[in-house]
Amino acid sequence: QVKWKGKDLFDLVCRTLGLRETWFFGLQYTIKDTVAWLKMDKKVLDHDVPTEEPKTFHFLAKFYPENAEEELVQEITQHLFFLQVKKQILDEKIYCPPEASVLLASYAVQAKYGDYDPNVHKRGFLAQEELLPKRVINLYQMTPEMWEERITAWYAEHRGRARDEAEMEYLKIAQDLEMYGVNYFAIRNKKGTELLLGVDALGLHIYDPDNRLTPKISFPWNEIRNISYSDKEFTIKPLDKKIDVFKFNSSKLRVNKLILQLCIGNHDLFMRRRKADSLEVQQMKAQAREEKARKQMERQRLAREKQMREEAERTRDELERRLMQLKEEATMANEALMRSEETADLLAEKAQITEEEAKLLAQKAAEAEQEMQRIKATAIRTEEEKRLMEQKVLEAEMLALKMAEESERRAKEADQLKQDLQEARESERRAKQKLLEITSKSSYTQSMNSSTTALPTDLPSFNLISESLSFDFKDTDMKRLSMEIEKEKVEYMEKSKHLQEQLNELKTEIEALKLKERETALDILHNENASRGNSKHNTIKKVSESSS
C-alpha cells in the first residue's frame with residue numbers, strides 16, 4: 001500500500017514465512033551502488049529507492065548470531081540462515097578452505113537428499129549440484145567425479161540426521177569461518193591510509209585491504225563506550241579512557257549511516273544475549289523444544305516401523321528362498337521316483353524274458369533226453385552203425401549237458417533279476433515316502449509364509465504428551481560481561497577432535513593434487529594462520545588484548 005511504512009511491509013513478509021525471530025532480518029535494497037536497509041518507522045516510498053518499477057527488496061539476515069545453535073530457535077530461521085550462508089560461501093563472499101568446503105557440501109547434500117542410499121544415490125547424482133566454490137574446484141587437479149566421491153564419503157556418515165539437524169551442523173561449522181557475518185566497509189584513517197572496517201556480532205575490527213581474515217585492531221562491543229559520526233568522519237571511543245579514540249573517514253555519508261545502523265543493532269543483540277531471555281523468547285524456546293521432542297519421537301517411530309518392515313521383508317525373502325529350495329528337492333525326488341519306476345519296469349520285463357528262455361531251454365533239454373533214450377533203445381545191426389550211434393549218443397549227451405548248464409545259468413539269472421526287481425520296488429517305496437514328507441513340509445512353509453510376511457497393521461503409535469515435558473526458566477542476574485565473553489571464547493575454541501582429524505586427513509589427501517600457482521591471496525593467508533594455530537576467536541582475543 002502507498003501509505004505503508006517499512007514495518008508494514010516487513011511484518012507482511014514475516015507473517016507469510018511464519019517467522020517470529022524477526023530481529024535478525026531486514027529488507028535490503030541497492031541505491032547508487034551502495035547497500036541500504038529499509039527503515040521500519042519510515043514510509044517505504046519515502047526511502048531513496050530506485051524509481052523504476054517494480055521496486056525490488058531482498059529479505060536477508062542483517063545481523064548474525066554468535067552461536068547459531070543456542071540463538072536460532074525456529075526451524076524457519078535456521079533454514080533462512082543456512083540458505084544465505086551457503087550462497088555467500090559459494091559466491092566466495094565468505095572465504096572457506098577446501099577441506100571445510102567438502103564437509104559443508106556433505107551436510108548440504110544430507111539436508112537436500114536425506115539419508116544416503118547406494119541403490120538410489122548412484123555415481124553422478126551430484127553432477128548438476130553447485131556444492132563447492134569455483135576457487136576450490138580450480139585449485140586442484142581433480143575431476144567432478146573425484147570431488148563427488150569425497151563429498152559422498154562424508155555424506156554417508158551423516159545417516160539419521162534430519163534436514164534441520166544437517167543445516168544446523170552446516171551453520172556450526174560456517175560460523176567459525178573468519179569472514180562469517182562480517183560487513184566490510186572501505187575507510188581511511190587520519191593519515192589517509194586505506195583500511196577496511198568490519199562490523200559483526202562480536203565488535204568492530206580494522207583490517208588491511210589485502211587481508212580480510214586477520215584484523216589489525218579489534219574493539220569488542222563491551223569495550224566500546226561510544227560510537228558517533230559527523231558528516232563523513234566516524235569516531236569510536238573505547239571504554240578505557242587510556243586508549244586513544246579511533247577516528248576514520250568513509251567515502252559517503254550514506255555509508256556512515258549504514259555503519260551506525262549495524263553497530264547499534266549488533267550492540268543491542270550483544271547485550272540482549274547476556275541478559276535473561278524475554279518471555280516471548282522463553283515461550284518460543286519451549287515450543288521449539290517440544291516440537292523437536294515430538295519430531296524426535298516421530299522419527300524414532302518411523303525408524304522402528306522401517307526396521308520391522310525390513311526384518312519382515314528379510315524373513316519373507318528367506319522363506320521364499322527356502323520354498324524354492326524345497327520345490328527343487330521335490331522336483332528332484334519326483335524325477336528319481338520316475339527313474340526308479342522305469343528301472344523296475346525294465347527289470348521286470350527282462351526277468352520275464354529270462355524266465356521264458358529258461359523254460360524253453362529246459363524243454364529242449366527234455367527233448368534231447370528223450371531222443372537219447374530212443375536212440376539207445378534202437379537196435380544197431382552193424383558195427384559201423386553202432387560206432388556212429390555211439391558218436392551220436394556222445395554228441396547228444398554233450399548237447400544235453402550244455403543245455404542243462406545253460407538252463408541252470410538262466411534260472412540263476414532269473415532269480416537275480418527277481419531280487420533286483422524287489423530292491424527297485426523297495427527304492428520306489430522310499431522315494432514315494434520322501435516325496436510325501438517334502439509335500440507336507442511345503443504346505444507347512446507356505447502357511448508360515450502367509451502368516452509371517454504380512455506386516456502388522458497394529459504397529460504401536462506414540463503420542464507426545466506435552467504435560468510430560470517441563471522446562472525451567474530462571475531469571476538470573478547479569479554477570480560481569482568480560483567474564484561472560486571470556487568463557488564463551490573458550491567454549492568456541494573447544495573444537496570437535498574427530499572433525500579436525502577428518503578435515504586434516506582430507507587436506508593431506510588432496511594436497512598432492514593442488515596447483516600452487518592458482519592459490520589466491522586469501523588461501524595463502526589462511527594457510528599462514530593455520531600453520532600458526534590461529535583461529536577466528538583466538539585471533540580476535542589476541543588483537544583486542546594487544547590494542548588495549
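The structure presented is a predicted model; accordingly, all values stated were derived computationally and were not measured.

### A closer look at the UniProt feature "binding site: a 1,2-diacyl-sn-glycero-3-phospho-(1D-myo-inositol)" (unreviewed entry) in the protein chain
Under the UniProt annotation, "binding site: a 1,2-diacyl-sn-glycero-3-phospho-(1D-myo-inositol)" (unreviewed entry) lies at Lys39, Met40, Asp41, Lys42 and Lys257. Structurally, Asp41 is set in the loop between strand S2 (34-37) and strand S3 (58-61). Residue position: Lys42 is located in the loop between S2 and S3. Contact partners of Lys42, with chain neighbours within four places excluded, come to Lys5, Gly6 and His47.

### Observations regarding the pattern of salt bridges
By the definition in use, this model includes 26 salt bridges. One network of salt bridges, with partners in common, ties together Glu66, Glu71, Arg273 and Arg274.

### Re the sheet that holds strand S6 (residues 203-207)
Sheets are built from strands paired through backbone hydrogen bonds, the pairs being either parallel or antiparallel. Spatially, S7-S6-S5-S4-S10-S9-S8 is the arrangement adopted by the seven strands of the open sheet, whose pairing is antiparallel. Because the sheet does not close on itself, it has two edges, and the strands there are strand S7 (217-220) and strand S8 (224-230). Averaged over all pairs of adjacent strands, the angle between strand axes in this sheet comes to 30°, irrespective of strand direction. Bridge count between strand S9 (residues 233-238) and strand S10 (residues 246-250): four bridges; the pairing is antiparallel. Following the sheet pairing, Ile236 is matched in S10 by Phe246. Sheet contacts for helix H8 (residues 253-273): strand S4 (183-189), strand S5 (194-199), S6, S8, S9 and S10; angle to S8, the most-contacted strand, approximately 160°.

### Topic: the environment of Ser101
Within the secondary structure layout, Ser101 lies in helix H4 (residues 98-113). Counting along the chain gives twelve residues from Ser101 to Ile89, while the straight-line C-alpha distance between them is 8.4 Å. The residues touching Ser101, leaving out its near neighbours within four places in the chain, are Cys96, Leu132, Pro133 and Val136. Here Cys96 takes part through its backbone oxygen, which lies 3.5 Å from a polar atom of the side chain of Ser101.

### Focus on helix H3 (residues 75-90)
The end-to-end C-alpha separation of H3 is 22 Å, in line with the 22 Å expected for 16 residues at 1.5 Å each. Every buried residue belonging to H3 is among Thr77, Gln78, His79, Leu80, Phe81, Phe82, Gln84, Val85, Gln88, Ile89 and Leu90, and all of these are buried. Residues of H3 that are buried sit in contact with helix H1 (6-17), strand S1 (25-31), S3, H4 and helix H7 (163-174). The first or second residue beyond H3 is Glu92, which carries a positive phi of 65°.

### Digging into the environment of Lys134
Mapped onto the elements, Lys134 comes out in helix H5 (residues 134-139). Lys134 sits in the exposed class, given a relative accessible area of 57%. Considered as a pair, Lys134 and Leu90 are 44 residues apart in the sequence and their alpha carbons are 7.5 Å apart.

### So, the sheet that holds S2
Strand order in this open sheet of three strands is S2-S1-S3, and the pairing throughout is antiparallel. Every other strand in the sheet has two partners, leaving S2 and S3 as the edge strands with one partner each. Put simply, the sheet's adjacent strands are angled 45° from each other on average, direction ignored. The strands touched by H3 within the sheet are S1 and S3, with S3 carrying the most contacts at an inclination of about 100°. H8 contacts S1 and S2 of the sheet and is inclined by roughly 45° relative to S2.

Reading guide: rules and limits
- Residues numbered from 1 in each chain as written.
- Predicted model: local features only at pLDDT ≥ 70, side-chain atom pairs only at ≥ 80, totals over all residues.
- Heavy atoms only, no water.
- UniProt positions renumbered as here; feature names shortened; annotations may be inferred.
- Helix = DSSP H or I, 4+ residues; strand = E, 2+ residues; numbered from the N terminus.
- Contact = heavy atoms within 4.5 Å.
- Salt bridge = Lys/Arg side-chain N within 4 Å of Asp/Glu carboxyl O.
- Pairing = 2+ DSSP bridges.
- Axes fitted to C-alpha atoms, helices over the stretch in contact; angles between N-to-C directions.
- Polar contact = N/O pair within 3.5 Å; in protein donor to acceptor, adjacent residues only side chain to side chain.
- Expected span 1.5 Å × (residues − 1).
- Buried < 20%, exposed > 50% of the residue type's maximum accessible area, 1.4 Å probe, protein only.

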